[in-house]
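Below, each chain spelled out in residue letters.
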Amino acid sequence: MPAAGIAQARPGGSPMVLAGGVRGGHDFENDAWSSGAQLSIPIFQRFELRPSGDWYFGDETPFRWQLNADGAIRFGPGGTFYGGGGAAFARIRDSSDVKFGYNLFVGIVPARQGAKLRPFIEGRWTWVNDVSPFRLVAGFDKTF
């Protein structure tokens, strides 16, 4: 008889699977674009860790890069909606210092439950070094 794995569905929720993908975004406050990657690591039925990193493009943005240690809670049918927050570590462009801050975000995954490729779009706020830009981020995760 096969052993139960991490991808096995949990009662009342979506399957718990590891996923990773790419994303791109736009910082509306500083008119800067970003490109990055993220992982989704399931911990509990509707809670997952979301480590990610982004590289910023443009001369107006105060950040060069940003690493995030976030957690997300999925809700709605099949975990379609999510929200969360966590720590942000950003390299400040002018000083080359790495500063600590935090993130808040909300998003939607318009994919069917159990889909291998999951597009997403999220609104993300980051507070680092007295700066709090809003970014709209879109991308996709692929389950492993």
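It should be emphasised that the depicted structure is a prediction, and the values quoted were computed from it without experimental measurement.

Cut-offs applied
- Residues numbered from 1 in each chain as written.
- Predicted model: local features only at pLDDT ≥ 70, side-chain atom pairs only at ≥ 80, totals over all residues.
- Heavy atoms only, no water.
- Phe/Tyr/Trp six-rings, centres within 6.5 Å; stacked < 30°, edge-to-face > 60°.
- Lys NZ or Arg CZ within 6 Å of the ring centre and 35° of its normal.
- pLDDT = per-residue confidence, 0-100.
- Contact = heavy atoms within 4.5 Å.
- Salt bridge = Lys/Arg side-chain N within 4 Å of Asp/Glu carboxyl O.
- Helix = DSSP H or I, 4+ residues; strand = E, 2+ residues; numbered from the N terminus.
- Buried < 20%, exposed > 50% of the residue type's maximum accessible area, 1.4 Å probe, protein only.

A closer look at the packing of aromatic side chains
Aromatic rings considered in pairs are described by the distance between their centres and by the relative angle of their planes. Within the structure shown, the criterion is met by seven aromatic pairs. By the ring-pair criterion, three or more aromatic residues cluster together here, those being Phe 28, Trp 125 and Phe 134. It is Arg 50 that lies over the ring of Tyr 82; its NZ or CZ is 4.3 Å from the centre.

A word on the confidence of the model for the chain
Scored by pLDDT, the chain has a mean of 88; 90% of the residues are at 70 or more. Contacts for the low-pLDDT stretch residues 1-13, under 50 throughout, to residues beyond four places or in other chains number 17 contacts.

Looking at the pattern of salt bridges
Under the definition given, this model contains seven salt bridges. In this structure, Arg 74 and Glu 48 form a salt bridge, with 3.3 Å as the shortest nitrogen-oxygen distance. One end of the pair, Arg 74, is in strand 4 (residues 63-75); the other, Glu 48, is in strand 3 (residues 47-57), and 26 residues separate them in sequence. Summarising the burial analysis for this pair, Arg 74 and Glu 48 share the class buried. Taking the shortest distance from any N to any O, the salt bridge between Arg 124 and Asp 70 comes out at 3.1 Å. In this pair, Arg 124 sits in strand 7 (residues 117-128) while Asp 70 sits in strand 4, placing the two residues 54 residues apart along the sequence. For Arg 124, a relative accessible area of 2% translates into the label buried. On the basis of relative accessibility, which here comes to 3%, the residue Asp 70 falls in the buried class. Members of the salt-bridge network, linked through shared partners, are Arg 23, Asp 54, Asp 70, Glu 122, Arg 124 and Arg 135.

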